[in-house]
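Structural description and commentary
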Amino acid sequence: MQFQEQVSALAIAYNEIPNNYLIDPIVEQREYLSDGAMIQWAGPTHDVYSPIHVKTNDGVHPFKIGSYPICTEKEALIALDAARAAYNDGRGEWPTMSISNRIKCVENFIKAMLTKKDLVVNLIMWEIGKTHADSVKEFDRTVEYIYLTIDALKDIDRNSSKFTIEQGIAAQIRRSPLGVVLCMGPFNYPLNETFTTLIPAIIMGNTLLFKPPKHGTLLHYPLLEAFKNCFPKGVVNTIYGRGNAIVPPLMKTGKIDVLTLIGSSKVANDLKKLHPKVNRLRAILGLDAKNAAIVTKNANIQLAAKEIMLGALSFNGQRCTAIKIVFAHHSIVDELNNLLIKAFKELQFGLPWEKNVTITALPEPNKPAYLNDLVNDAKKHGANILNEHGGFAEGSFFHPTLLYPVNKQMRVYHEEQFGPIVPVVAYEDIEEPIHYVIESTHGQQVSIFSNNPDEISLLIDPLVNQVSRVNINSQCQRGPDAFPFTGRKDSAEGTLSVVDALRSFSIRTLVAVKLTDENKTIINEIISADNSNFLSTKYIF
Ligand code: G3H
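These numbers come from a predicted model, not from an experiment. (Residues numbered from 1 in each chain as written. Predicted model: local features only at pLDDT ≥ 70, side-chain atom pairs only at ≥ 80, totals over all residues. Heavy atoms only, no water.)

Attention now goes to unusual backbone geometry. Cis geometry is adopted by the peptide bond preceding P405, which originates at Y404 and carries an omega value of -10 degrees. Assignment of secondary structure puts P405 in the loop between β19 (401–404) and α14 (411–414). A cis geometry characterises the amide bond from G479 onward to P480, with omega recorded as -10 degrees. For P480, the location among the structural elements is in the loop between β23 (469–472) and β24 (488–489). Unlike most non-glycine residues, N316 shows phi in positive territory, near 55 degrees. Among the secondary structure elements, N316 is positioned in the loop between α11 (301–313) and β15 (323–329). The class of N316 is buried, set by a relative accessible area of 1%. (Helix = DSSP H or I, 4+ residues; strand = E, 2+ residues; numbered from the N terminus. Buried < 20%, exposed > 50% of the residue type's maximum accessible area, 1.4 Å probe, protein only.)

The following block contains the structure:
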């Protein structure tokens, strides 16, 4: 059967969709959270269509799953004022609250979040086409991340609940919040990656403006009530609307202290430049990447093929950590390609709730056309499509495509495809992939496939100075979440991990005192009266 026919066969009538995967009723959001209240919205709204197509009497169409407010600069600036008021120059209830009380608020939030799991998971699936199994994983990983964050903060706090004495001066050294954080997450992990910045930001005492991703907006709506109920007024504020209309005015005010964004380096750079005092702005960014896999002649080719499939095609290649180009030694490239062709044949595409499905519809409407351009450009410069149905697009589906031989004249050699294309380059000399990594504008991760320890060590040393994680005989990935996640060049700014994120959204601050008898008495009195949340030796268990 042709790919087009296979995709057409996937179109499903609404009444054939299993009940537990339905969004019923659809989510018509007419309110948003700002300044501690759900604000009703009577203005224009944006209809959200799923990349999943559903059969109706007049044909097969993207399915409408809801709508959300298109607010304006005015509402965004009101939300900013609310966040600033809640921070109150560091004097607000939230930034001065004890860590243990902030942790209680976050624990209450987790409880409330868990009650919304089924709806949030289904919305992830319908909004971005992620498989149901992976949407569940995204939700669970996020909850786990929040618990780990709480544990990490307790550890940090325990280590800070003592005094350090040097040269006759005693100091209590803790971490303090930075101010108002503007948080924007990506569409591919709309819940998880948003929350891996949002939660550390608030738990450290900052207040927040949060703009949900363009694709992956509605899934945050069921959680707004929990944010409202679990945190003091103005700590979490949402902004809805067109990013280019509401975000630049916020940056221009100079009242954003931290910009955290998982997205493109271009957007991040443009936004940073709008801030009138760039030196005051802290940026925690996860940006573009073009991770390479290097398969040497000494590799276990079966293992390399398996990891490349996972690394390049999980969630249709829409991961910042995906393997986006493969360099294979010319002596083993045919063997590797043959294994990949076989694995491509076994890929199952379909509806996201179907068992064992890995390839699903793409949420960005222009993506199939863009991927098609990349493939045509590669063909023009001498690449062949090695796999059956490769290069075919139908509706929101793009068939995974194996391209070989790829060379530097091709766009796909340089551009981050963020989709299911696997470009393979044959190399003679190991200097070629090393130079690719050096010349790349990205610097996130690399995967080396080899069973020769000498060869691996010769590659590790130059590569660790180019990227932020070198994976040996495995795909690139962010996890485990305890590991530092960052990148060089245009790939990131700041480091995220359970512990690093807490550091990123705070600054070391100390209270220092010369150890005179008088001062010793004062400090002891402050501590025993328990009047300061900062100067305190209380221990959180
Ligand atoms: O899109 C980028 C994500 O951080 C990738 O995370 O490697 O766990 O899929 P992952």
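Another point: the packing of helix α5 (residues 117–128) against helix α6 (residues 132–160). One way to put it is that α5 packs onto α6 with a least axis distance of 9 Å and a crossing angle of 125 degrees. The angle between α5 and α6 places the two elements in the oblique class. Classified by chirality, the crossing of α6 by α5 is right-handed. Only H132, S135, V136, E138, F139 and D140 of α6 make contact with α5, whose side of the interface consists of K117, V120, V121, N122, I124 and M125. Here the contact of α5 with α6 is built from residues that sort into six nonpolar, three polar and three charged. (Axes fitted to C-alpha atoms, helices over the stretch in contact; angles between N-to-C directions. Parallel < 35°, antiparallel > 145°, perpendicular 65-115°, else oblique. Left-handed = near helix turned anticlockwise from the far one by under 90°. Contact = heavy atoms within 4.5 Å. Nonpolar A, V, L, I, M, F, W, Y, C, P; charged D, E, K, R; others polar.)

Segmentation of the protein into domains returns domain 1 (3–286) and domain 2 (291–482). Taken residue by residue, the interface counts 29 residues in domain 1 and 31 residues in domain 2. Summed over both sides, the interface between domain 1 and domain 2 buries roughly 2700 Å², with carbon and sulfur atoms accounting for 68% of that surface. Scanning the region where domain 1 abuts domain 2 turns up two salt bridges. Here D481 makes a salt bridge to R141, at a shortest N to O gap of 3.1 Å. Connecting domain 1 to domain 2 are eight residue pairs in polar contact (both at pLDDT 80 or more). (Domains from an automatic or database assignment. Buried area = accessible area lost by both parts, 1.4 Å probe. Salt bridge = Lys/Arg side-chain N within 4 Å of Asp/Glu carboxyl O. Polar contact = N/O pair within 3.5 Å; in protein donor to acceptor, adjacent residues only side chain to side chain.)

Quick look at the nonpolar core now. Counting residues in each nonpolar core, the largest one holds 79 residues, and the members touching the most others are W126, F195, F227 and F231. The greatest single-element share of this core, amounting to eight residues, is contributed by α6. Counting only domains with at least three residues in this core, you end up with domain 1 (3–286) and domain 2 (291–482). Look past the residues within four positions of W126 in its chain and what remains in contact with it is I17, Y21, I23, S50, P51, I52, V54, F63, I65 and W353. Among the nonpolar cores identified, the runner-up in size contains 27 residues, and I294, L403, V425 and I434 belong to it. (Core = buried A, V, L, I, M, F, W, Y, C linked by side-chain atoms within 4.5 Å.)

Taken as a whole and assessed by the stated rule, the structure comprises 22 salt bridges. D257 serves as the salt-bridge partner of R84, at 3.4 Å between the closest nitrogen and oxygen. Of this pair, R84 sits in helix α2 (residues 73–87) while D257 sits in the loop between α9 (243–252) and β12 (258–262); the two residues are 173 residues apart in sequence, bridging distant segments of the chain. With relative accessibility at 17%, the residue D257 sits in the buried group. Of the charged contacts, one joins D140 and K117 as a salt bridge, the two residues approaching to 2.7 Å between their closest N and O atoms. Of this pair, D140 sits in helix α6 while K117 sits in helix α5, placing them 23 residues apart in sequence. Classification of K117 as partly exposed rests on a relative accessible area of 23%. Members of the salt-bridge network, linked through shared partners, are E28, R30, D47 and K64.

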